[in-house]
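Reading the structure
What follows is each chain in one-letter form.
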Amino acid sequence: MKVSIKKLEDRDHFVVPVVMLTVGVHCGSRGPIFYPADELDRTAPYWNGKPVVIYHPCMYSDGFAGNPEVFNRQKVGTIFNASFDGHRLKAEAWLDVQRVEALDRRVAAAIRSRSMMEVSTGLVCGSDSDGYGTFNGEEYESTARNIVPDHLAILPDQIGACSIADGAGLMRNQLHHGEILLVPATA
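A quick note: this is a predicted structure, and the numbers were derived from the prediction, not measured.

**A closer look at the packing of aromatic side chains**
Evaluation of the coordinates by the stated rule reveals 3 aromatic pairs. Aromatic pair F34 and F135: ring centres 4.7 Å apart, planes at 40°, arrangement tilted. One end of the pair, F34, is in strand β4 (residues 31–35); the other, F135, is in strand β9 (residues 133–135), with 101 residues separating them in the sequence. Classification of F135 as partly exposed rests on a relative accessible area of 25%. Through a chain of ring-to-ring contacts, three or more aromatic side chains come together here, namely F34, F135 and Y140.

Pasting the structure below:
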């Protein structure tokens, strides 16, 4: 697969495939939670149009990512073409080339050098707390339900709850036989 550069709002954007979340147990801010296939499938279209930011915004002071302070300080792009393939919540991260360079050059360097980078979903969800359970040998305390997407955070020097090791990450799903190309869009 390849990374392309396309225009969005008259600005150049890297269009980078990303795996945002996989079916499984992920231990984030609320402990180990099971993310089932039916819930990831249901929420896929609601990720479209959500901001991509460098690191998570502070939910205590900023609230959700969709506010001007977060956009000015951390936003580098937008999620489009989100889908679920039965195991992975995938999308395209459209990343403004100038904003990425200005806010954190490590992200642009990772894209250009064909390196994966950690990501983390910013979401709000209820939980089905039927007690402890196990999925693929991993214990969980609850099941994510009624997910409301807020943002996708790129984590240049941190590890996401659903990490590269778990199958997620920026540029994770475009590593195919080691080929990643930067190609300008023709239209």
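**Things to note about the side chain of T78**
By secondary structure assignment, the location of T78 is in strand β6 (residues 75–84). Since its relative accessible area comes to 11%, T78 is described here as buried. The contact partners of T78, leaving out residues within four places of it in the chain, are G49, K50, V52, E92, A93 and W94.

**Examining the pattern of salt bridges**
Using the criterion set out here, one finds 9 salt bridges in the structure. Notably, a salt bridge pairs D12 with K7, separated by 3.1 Å at the nearest N-O pair. Under the relative-accessibility criterion, D12 is labelled partly exposed at 38%. Using a relative accessible area of 55% as the deciding quantity, one classes K7 as exposed. The salt bridge partner of E101 is R105, with a shortest N-O separation of 3.8 Å. According to the relative accessible area criterion, R105 is exposed, its value standing at 60%. Linked by salt bridges that have partners in common, E101, R105 and R112 make up one network.

What counts and what doesn't
Residues numbered from 1 in each chain as written. Predicted model: local features only at pLDDT ≥ 70, side-chain atom pairs only at ≥ 80, totals over all residues. Heavy atoms only, no water. Phe/Tyr/Trp six-rings, centres within 6.5 Å; stacked < 30°, edge-to-face > 60°. Helix = DSSP H or I, 4+ residues; strand = E, 2+ residues; numbered from the N terminus. Buried < 20%, exposed > 50% of the residue type's maximum accessible area, 1.4 Å probe, protein only. Contact = heavy atoms within 4.5 Å. Salt bridge = Lys/Arg side-chain N within 4 Å of Asp/Glu carboxyl O.

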